[in-house]
Amino acid sequence: MLEHGGRLGRAVRDYGIPREAWLDLSTGVSPHAWPVPPIPPAAWHRLPEDDDALLEAARTYYGARHVLPVAGSQAAIAALPRLRPPSRVAVVQPGYAEHAHAWRQAGHDVVTLPMDALLARAGEFDVVVLIRPNNPTGDCPDMEALLALQTRAVSVGAASAAIPRQRARPPRAPTAAETAPTGKPWLVVDEAFIDGRPEQSLAPHVREGIIVLRSVGKFFGLAGARAGFVVAWPGLLDALAETLGPWTLTGPTRHVVAQALSDRTWHASARIRLREDSSRLANLLTKHGLSPSGGCEFFHYRVHAEACALQHALAEQAILVRHFDNPQALRFGLPGDDEAFARLDRALAAVLA
Ligand SMILES: Cc1ncc(COP(=O)(O)O)c(C=O)c1O
């Protein structure tokens, strides 16, 4: 299992500080969660039905006709590699490490590249996986550039499909991939953190070969509900649905997420608040000599040679931040209120003194 933020229980044990004393800034989950209303008993008692309000709410929210609900975008990240025969895959680095891990585990030939190199060399691969805005760096490649890149990849892929491959492919058992158009290149775009600027999402522009992953955990602050969506072409979604099986989302989650996706007034105010808090956090870090190396509405990222020691020193002050080691860096999630900002301010002053 890979390392993730949000491991508060472990911090409690490691530092001997009670849970309620911690300020957890170790994830990119918004501290301003959509307010979950009471859940009707039937949502617990009946089997979930896929013709409830969820799909229509998701189509409207994502601006896309073909969407598949999944138990967190992580469920799709783990399953997608099983829908292709062994492929040459390029994944952005640094980035959410589960992507490269899942493609490797499924036996693909995986290369990790910084965003610029990934975009420049995209044509060399069968599958390109990137995150926008990237977690943790915040890089967000331009939508038009990505669409152009995918068009080029499809035409190059079509030409090279006529040439027999040099490298022998290991034998394999037939998979759900047989029903998906597997030979063509894929561009997998993880937009878990794009809800702060939905006009930049690729979801409404999806076509064959483009797979967009969206998360309900970050913007709606509903990480525990385990809900996300895949936006792609119908053949791919059918193959993925087949692989994941029925009832991927629980009844209570379907009920809550359908309402959250439809609450446009809340979406608008949450976006404003995220933008304000994000720039407040950037200013605070800058004041302490940690001007962000990157970031987005949900977090800021700072490359720092002493990142590990800084994380430890902040943890001793009961503030949990995420450490990355390639390169050495920290990621700060958004403090949820004035008191949390003040605590981070005091702790950074003490730690950096
Ligand atoms: C970039 C990115 N994508 C996807 C995920 C998975 O999110 P979820 O499964 O909650 O939708 C995460 C979780 O941190 C993430 O950082």
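As a starting point, this report considers the structure included with it.

About the criteria used
Residues numbered from 1 in each chain as written. Predicted model: local features only at pLDDT ≥ 70, side-chain atom pairs only at ≥ 80, totals over all residues. Heavy atoms only, no water. Pairing = 2+ DSSP bridges. Helix = DSSP H or I, 4+ residues; strand = E, 2+ residues; numbered from the N terminus. Axes fitted to C-alpha atoms, helices over the stretch in contact; angles between N-to-C directions. Contact = heavy atoms within 4.5 Å. Near = heavy atom within 4 Å. Polar contact = N/O pair within 3.5 Å; in protein donor to acceptor, adjacent residues only side chain to side chain. Areas by Shrake-Rupley, 256 points an atom, 1.4 Å probe, with all protein chains shown as cover. Nonpolar A, V, L, I, M, F, W, Y, C, P; charged D, E, K, R; others polar. Buried < 20%, exposed > 50% of the residue type's maximum accessible area, 1.4 Å probe, protein only. Salt bridge = Lys/Arg side-chain N within 4 Å of Asp/Glu carboxyl O. Phe/Tyr/Trp six-rings, centres within 6.5 Å; stacked < 30°, edge-to-face > 60°.

### Points about the sheet that holds strand β6 (residues 186-190)
And then number 1: Pairing within the open sheet is mixed, and its 7 strands lie in the order β2-β8-β7-β6-β5-β3-β4. Only two strands of the sheet have a single neighbouring strand rather than two, namely β2 (67-70) and β4 (109-113). Averaged over all pairs of adjacent strands, the angle between strand axes in this sheet comes to 20 degrees, irrespective of strand direction.
And then number 2: Across the sheet, helix α3 (residues 54-62) touches β2, β7 (210-215) and β8 (228-231), and the angle it forms with β2 is around 115 degrees.

### Examining the site of the ligand
And then number 1: In the region of the ligand, 13 residues are neighbours, and Asn-135, Asp-190, Ser-215, Lys-218 and Arg-226 sit closest.
And then number 2: Asn-135 places a polar side-chain atom, nitrogen or oxygen, 2.7 Å from an oxygen atom of the ligand.
And then number 3: In isolation the ligand exposes 400 Å². Once the protein is present, 91% of that is buried.
And then number 4: For the shell around the ligand, the element with the highest residue contribution is helix α4 (residues 73-79), accounting for 3 residues.
And then number 5: For the shell around the ligand, a count of residues per class yields 5 nonpolar, 5 polar and 3 charged.

### Quick word on the pairing of β8
Here is the key point about a regular strand: its side chains alternate between the two faces of the sheet.
And then number 1: What you see with β8 is no split at all: Gly-228 and Val-230 on one side and Phe-229 and Val-231 on the other are buried throughout.
And then number 2: Two strands pair when backbone bridges link them, and β2 and β8 are joined in this way by 4 bridges, in the antiparallel orientation. Paired with Leu-68 across the two strands is Val-230, which belongs to β8.
And then number 3: When β7 meets β8, the two strands line up antiparallel, connected through 4 bridges.

### Notes on the pattern of salt bridges
And then number 1: Tallied over the full model, the rule gives 15 salt bridges.
And then number 2: A salt bridge links Arg-214 to Asp-195, with the nearest nitrogen and oxygen atoms 3.3 Å apart. Placement of Arg-214 in strand β7 and of Asp-195 in the loop between β6 and β7 is noted, with a sequence separation of 19 residues between them. Residues Arg-214 and Asp-195 agree in their burial class; the two are buried.
And then number 3: For the salt bridge of Arg-346 with Glu-339, the shortest nitrogen-to-oxygen distance reads 3.6 Å.
And then number 4: Using a relative accessible area of 46% as the deciding quantity, one classes Glu-339 as partly exposed.

### What about the sheet that holds strand β12 (residues 322-325)?
And then number 1: Ordered by their spatial adjacency, 4 strands build an open sheet running β9-β10-β13-β12, and the pairing between neighbours is antiparallel. The open sheet has two edge strands with one neighbour each: β9 (294-296) and β12. Pairwise comparison of adjacent strand axes, ignoring direction, gives a mean angle of 15 degrees for this sheet.
And then number 2: Inspection of the sheet shows β12 paired to strand β13 (residues 328-333) by 4 bridges, in the antiparallel sense. From the neighbouring strand, His-323 faces β13, where its bridge partner is Leu-330.

### Side note on the packing of aromatic side chains
Remark: the centre distance and the inter-plane angle together describe each pair of aromatic rings, the angle taken between the planes.
And then number 1: For the structure on display, the rule yields 12 aromatic pairs.
And then number 2: Look at Tyr-15 and Trp-22: their rings are 5.9 Å apart centre to centre, the planes differ by 70 degrees, and that puts the pair in the edge-to-face class.
And then number 3: By relative accessible area, which is 28% here, Tyr-15 ends up partly exposed.
And then number 4: Looking at Trp-22, the relative accessible area reads 8%, which means it is buried.
And then number 5: Summarising the aromatic geometry, the rings of Tyr-301 and Phe-324 are spaced 6.2 Å apart at their centres and angled 75 degrees between planes, so their arrangement reads as edge-to-face. Taken together, the positions of Tyr-301 in strand β10 (residues 299-303) and Phe-324 in strand β12 put the pair 23 residues apart, joining distant regions of the chain.

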